[in-house]
Amino acid sequence: MVSRRQFIKNTGKASFALWLGATSNGFANAAFITDAPSNFTPFVKIEKNGKITIFNTKPEMGQGTFQSVPALIAEELEVSLDAITIVQTSGEKQFGGGQAAGGSSSIRGNYDAYRKIGAAAKEMLVKAASVKWGIGIESCYAENGSVHSKLSKEHLSYGDLIEEASKLEVPKEPKLKNKSDFKIIGKSIQRPDVPLKVSGKAEYGIDVEVPNMVYATVFRSPVIGGTLKSFDADATLKIPGVIKVVEAKTTVGKYQYSGVAVIAKSYWAALQGRKVLKVEWDTNGYENFNLSDYENKLRNLSKEAGVLDKNIGNVESVKTEPGNSVESFYETPMVAHHTLEPMNCIAHVNGEMLTIWTSTQVPSAITGSGPNDLHSQIGMKPENITLHSKFIGGGFGRRLYTDYVIEAVNIAKQIEQPVKVIWSREDTTQHSAVRPMTFSQLKGGFSKEGELISFQHKVISPSYFDSVGPNFDKTKVDAIMIEGIGEQAYQIPNIKTSYVYADFHVPVAAWRSVTSSTVAFAHECFIDELAHKVKKDPLDFRLQMLDKDSDTKRVLLKLKEVSNWDKPLPKGKGRGVAQWEFFAGLCAHVVEVSVTKDNTIKIDKVYAVIDLGEVVNPDNVKNQIEGSIVMALTAAIKTGITIENGKIKQSNFHDNPMIRMHETPEIEVHILADGGKIKGVGEPGLPPFAPALANAIFSISGKRIKKMPFDLKLS
Amino acid sequence: MAIINLKINSKDYSIDVDPQMPLLWAIRDFVGLKGTKYGCGIAQCGACTVHLNGQPVRSCSLPVAAVANKNITTIEGLSDDNSHPIQKAWIEEQVPQCGYCQSGQIMAAAALLSKNASPNDADIDAAMQGHICRCGTYPRIKRAIKKASENKP
Ligand code: FES
Ligand code: FES
């Protein structure tokens, strides 16, 4: 890794500042005065007047990166969050390919790297002061944006030190602060985006208005996979305000779709025009597709061996006595992301130049700053694309995909003005890639002594990689679809996990916590079945398989304590437990339930323990876990997405309902942050919830739930 | 098309629109106040909530002609500086995640408190049931409403 010292001096420029950041080949720090070269990613800018700007490359979608990323830098730099200006980057080339939020990765992927940037800047400023004062470094310290002398009352603001600091070598391994000295990290400091979101001033993609802008709505094939045959826009063009009707192409993964865009002076006029638009589609036989048939196909496919994923020990050689084994089959649905801000994008094509305003999880993918092919899909050069990245009214994985951007650009190419394309709620529900369903076949075998000696989990599902790319190798395991099932900490001597590919013509997407949101339900409910088979307490059964120290073990022990698991519940109450560790992190829940007079399950309380290693803002983590549980509850008990006659049946919140306030249980969140592997926040709260709830329902009713969504009404 | 006179946050606006167009789009795209959000368009999510003569209404489902000359308040009219007790409580409780639903939630909560100074859990549930927060900030919304009711003189 190169750690070069490089100065481009131009003190006459207004932008005279000390920039600190990373070179393109890693987090080797580098400092520049004024314009940084293109292979340099600045994270901090300190100006002569003392103004400190921290650049945040992780889009804010409610997960808190607008604060948590700058917090890491500010902590080490010794500046308070109130004293900095946070700039959200918009996919600019200089900020590189990392301008994206997904996989709960913003903090866990950069915890030390961001801190080192702040620490390096601080070291240089302290050294600069010591040189100026002619005293030793050990006699200087940084606090609140200034360097102070321990020998006198003297102090110099960072702005007064940048010139001197820029002459210094950037430290390669700056000393990081001790945890006990943290002033920002680990503290529940109010988030800077909250006042904007409470006053209505936060600007989301859908709120942007640019001069001369027109609006568009797109009529897409109601049958998924249908292609555009022809359209008749005569009636549409007579609607006051309608300007033009054009074909609108887009791409999602390996799929290409065509719709018809009605462009008008207002969104309302566009919608009126769309109502009278006549379109003929070629439905290509997809009109005969029914989800129920497909589910049967998945059930049949479970008889196939599939492709082997993990093979620990030798499951086949394990001989279990009759009666000592358990077999089960679990089913989960497709679900929609339902970000509350529907899809939307403004695009303006001006000759070779393209400007985009939108809410996206992947700014660098849109501008071509990272490895991606958006520009080739829209036939634009990356250097000609400018993005204005806005607050995101919900991501959950939906805004990792750029179909709504590509579509807007293709419409914009056919009109001179900038065009704002708004997807209605119905459009967003029926024309977005969905979380795929997974079906799971599980087998477990006990020794004569009642010890679990073999465990098998086979996932049958459509393939994520087959949907997003053209060259999926069906003889290989789709690692996304079996995510987490081979990585649980349980020490079982013989484990086999496998995957059966099922062909599908519907585009599928990552949904908050990805496949863990479905496979964990099967996996952890089955563990519960196994515990009951040998008449063991489900939490103790899990702990007994966690002999060695592990994060999972620590989480379960903590959960046992905080949920008062060892204290018997009053009569009429039941509880269930589940945990899940996967790429994003680790969380476990205990759900307490009771049965109401009308024989319905009531969720009394949820206890959550999330293991993070380190925590930046505990209150924000709690907010995330509360929200994860609400979202997981919707996925567990509310209708998913179904397809009839080739069309998605659900359209809006009346037939695809979400959990509301009166259905929200009491939630108590505990955070483990005692060092160790740094884990994510945004997703881990989801996967263990549905199984913990289903296990609780079993504990009180004896009813074993094996299919999501499930009814809280007991039959 | 017709000229419609709107009174929003005590200001008068005159717009030339389809009288059937929902108030939501008049507020957002013709008056230019973007704090009021579109979430569903069918009175299911509450993101578009504004006050009509002090009552919370779904602006996505009200033809603009029906509210001509009536007193409409949007999130922008609640206060200039987040000083409304509900907004203060929202900040204290750090309610928002993505924030997209919050204008509507805040307008509903403000209307509730103006009618009922100390709502109990059931009152809050009833008043807020029409509002979806996909990010799931319900526990905090409830806490913030209670806090605001306690903070009220
Ligand atoms: S947008 Fe009006 S209730 Fe949803
Ligand atoms: S905060 Fe995101 S929808 Fe409520």
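Cut-off values and rules
- Residues numbered from 1 in each chain as written.
- Chains lettered and ligands numbered in written order.
- Predicted model: local features only at pLDDT ≥ 70, side-chain atom pairs only at ≥ 80, totals over all residues.
- Heavy atoms only, no water.
- Helix = DSSP H or I, 4+ residues; strand = E, 2+ residues; numbered from the N terminus.
- Rg over C-alpha atoms; globule rule 2.2 N^0.38 Å.
- Buried < 20%, exposed > 50% of the residue type's maximum accessible area, 1.4 Å probe, protein only.
- Areas by Shrake-Rupley, 256 points an atom, 1.4 Å probe, with all protein chains shown as cover.
- Lys, Arg positive; Asp, Glu negative; His and termini not counted.
- Charge placed at Lys NZ, Arg CZ, Asp CG, Glu CD.
- Pairing = 2+ DSSP bridges.
- Axes fitted to C-alpha atoms, helices over the stretch in contact; angles between N-to-C directions.
- Contact = heavy atoms within 4.5 Å.
- Domains from an automatic or database assignment.
- Buried area = accessible area lost by both parts, 1.4 Å probe.
- Salt bridge = Lys/Arg side-chain N within 4 Å of Asp/Glu carboxyl O.
- Polar contact = N/O pair within 3.5 Å; in protein donor to acceptor, adjacent residues only side chain to side chain.
- Parallel < 35°, antiparallel > 145°, perpendicular 65-115°, else oblique.
- Left-handed = near helix turned anticlockwise from the far one by under 90°.
- Nonpolar A, V, L, I, M, F, W, Y, C, P; charged D, E, K, R; others polar.

## What about the overall build of chain B?
Consideration 1: Each helix and strand counted, chain B has six helices and five strands in total.
Consideration 2: N-terminal to C-terminal, the α/β element order of chain B is β-β-α-β-β-β-α-α-α-α-α.
Consideration 3: A compact globule built from 153 residues should have a C-alpha radius of gyration of about 15 Å, and chain B, at 15 Å, falls within 12% of that.
Consideration 4: Expressed as a percentage of its 153 residues, the buried residues of chain B come to 58%.
Consideration 5: Only carbon and sulfur atoms are counted for the fraction: they give 47% of the accessible area of chain B, which is about 5500 Å².
Consideration 6: Positive and negative side-chain charges in chain B, numbering 16 and 13 respectively, have mean positions lying 3 Å apart.

## Observations concerning the sheet that holds strand β5 (residues 71-73) of chain B
Residue and element names in this part refer to chain B.
Consideration 1: Here we have five strands laid out as an open sheet, ordered β2-β1-β5-β3-β4, and mixed in their pairing. Because the sheet does not close on itself, it has two edges, and the strands there are β2 (11-17) and β4 (55-58). Each strand of the sheet is rotated relative to its neighbour by a mean of 40°, with strand direction disregarded.
Consideration 2: Across two bridges, the pairing between strand β1 (residues 2-8) and β5 is parallel. Looking at the pairing, Ile8 lines up with Ile72 of β5.
Consideration 3: Strand contacts of helix α4 (residues 102-115): β3 (49-52), β4 and β5, with the helix running at about 35° to β3, the strand carrying the most contacts.

## Observations regarding the domain arrangement of chain A
Often, the extent of an interface is quoted as the loss of accessible area on bringing the components together.
Residue and element names in this part refer to chain A.
Consideration 1: When its domains are assigned, chain A resolves into domain 1 (4-199), domain 2 (205-285 + 343-422) and domain 3 (292-335 + 435-701).
Consideration 2: A straight line from the C-alpha centre of domain 2 to that of domain 3 covers 37 Å.
Consideration 3: At the interface, 13 residues of domain 2 touch 20 residues of domain 3.
Consideration 4: Carbon and sulfur atoms supply 63% of the area that domain 2 and domain 3 bury against each other, a total of about 1200 Å² over both sides.
Consideration 5: Inspection of the region where domain 2 meets domain 3 yields one salt bridge.
Consideration 6: Residue Asp466 pairs with Lys254 through a salt bridge whose shortest N-O separation is 3.1 Å.

## Describing the interface of chain A and chain B
Consideration 1: Between chain A and chain B, the contact holds 58 residues from the first and 53 residues from the second.
Consideration 2: Together chain A and chain B conceal approximately 4600 Å² of surface at their shared face, both sides included; 57% is due to carbon and sulfur atoms.
Consideration 3: The largest contributions to the chain A side of the interface with chain B come from Trp268(A), Leu340(A) and Met661(A), which together make up 18% of the buried area.
Consideration 4: Across the chain A-chain B interface, the total number found is five salt bridges.
Consideration 5: Between Asp207(A) and Arg28(B) there is a salt bridge, with its nearest N and O atoms 2.9 Å apart.
Consideration 6: In this assembly, chain A and chain B are joined by 33 residue pairs in polar contact (both at pLDDT 80 or more).
Consideration 7: Contributing elements (two or more residues each) for the side of chain A that touches chain B: α4 (194-198), α6 (267-275), β19 (419-422), α11 (425-430) and α16 (618-637) of chain A.

## Remarks on the environment of Gly313(A)
Residues and elements named next belong to chain A.
Consideration 1: Along the chain, Gly313 falls in the loop between β14 (307-312) and β15 (325-331).
Consideration 2: Gly313 sits in the exposed class, given a relative accessible area of 51%.
Consideration 3: In the structure, Gly313 is positioned 296 residues away from Ala17 in sequence and 60 Å away in space, judged by C-alpha atoms.
Consideration 4: If near-sequence neighbours (up to four positions away) are discounted, Gly313 is found in contact with Pro493 and Asn494.

## Some words on the sheet that holds strand β9 (residues 214-219) of chain A
All names here are of chain A.
Consideration 1: Taking strand neighbours across the sheet as the criterion, the seven strands line up as β11-β12-β9-β19-β16-β17-β18 in an open arrangement whose pairing is mixed. A strand with exactly one partner marks an edge of an open sheet, and here the two such strands are β11 (242-252) and β18 (385-389). Neighbour to neighbour, the strand axes of the sheet diverge by 25° on average, direction disregarded.
Consideration 2: Bridge analysis of strand β16 (residues 344-350) against strand β17 (residues 353-358) gives six bridges, and the strand direction is antiparallel.

## What to know about the domain arrangement of chain B
Residue and element names in this part refer to chain B.
Consideration 1: Looking at chain B, the domain boundaries give domain 1 (2-77) and domain 2 (85-151).
Consideration 2: Its C-alpha centre places domain 1 at a distance of 21 Å from the equivalent point of domain 2.
Consideration 3: Buried surface at the junction of domain 1 and domain 2, summed over both partners, amounts to about 1200 Å²; 59% is from carbon and sulfur atoms.
Consideration 4: On the domain 1 side of the interface with domain 2, the three residues burying the most area are Cys45, His51 and Ile75, jointly 37% of the side's total.
Consideration 5: Counting the contacts that link domain 1 with domain 2 gives zero salt bridges.
Consideration 6: Applying the counting criterion to the domain 1 and domain 2 interface returns six residue pairs in polar contact (both at pLDDT 80 or more).
Consideration 7: Elements with a contribution of two residues or more to the side of domain 1 that touches domain 2: β3 and β4.

## Re the side chain of Lys638(A)
Residue and element names in this part refer to chain A.
Consideration 1: Tracing the backbone shows Lys638 in the loop between α16 and β26 (643-644).
Consideration 2: A relative accessible area of 16% means that Lys638 is categorised as buried.
Consideration 3: A distance of 2.6 Å separates polar atoms of two side chains, one belonging to Lys638 and the other to Glu663.
Consideration 4: Leave out the neighbours within four places in its chain, and Lys638 touches Leu633, Pro657, Met658, Ile659, Glu663 and Pro709.

## A few points about the packing of helix α3 (residues 85-92) of chain B against α4(B)
Residues and elements named next belong to chain B.
Consideration 1: For the pair α3 and α4, interaxial distance at closest approach is 9 Å and the crossing angle is 125°. By the angle between their directions, the pair α3 and α4 is classed as oblique. The hand of the α3/α4 crossing is right-handed. Listed contacts from α4 to Ile86, Gln87 and Trp90 of α3 are Gln102, Gln105, Ile106, Ala109, Ala110 and Leu113.
Consideration 2: Residue composition of the contact of α3 with α4, grouped by class: six nonpolar, three polar and no charged.

## Quick look at the pairing of β4(B)
Residue and element names in this part refer to chain B.
Consideration 1: As paired strands, β3 and β4 are joined by four bridges and run antiparallel to one another. Along β4, the bridge assignment pairs Thr49 with Arg58.
Consideration 2: Linking β3 back to β4 in an antiparallel pair, the connection comprises two residues, with Asn53 at a positive phi of about 50°.

## Here we look at the pattern of salt bridges
Pairing between side chains of opposite charge can happen when the charged atoms of each approach one another.
Consideration 1: Summed over the entire model, instances satisfying the criterion amount to 56 salt bridges over all chains.
Consideration 2: The salt bridge partner of Glu663(A) is Lys638(A), with a shortest N-O separation of 2.6 Å. One end of the pair, Glu663(A), is in the loop between β27 (647-648) and β28 (666-672); the other, Lys638(A), is in the loop between α16 and β26, and 25 residues separate them in sequence.
Consideration 3: Judged by relative accessible area, which is 25%, Glu663(A) ranks as partly exposed.
Consideration 4: The partner of Glu92(B) in a salt bridge is Lys147(B), and the shortest N-O contact between them spans 3.5 Å. Here Lys147(B) lies in helix α6 (residues 138-151) and Glu92(B) lies in helix α3, a separation of 55 residues in the sequence.
Consideration 5: Residue classification places Glu92(B) among the partly exposed residues on the basis of a relative accessible area of 39%.

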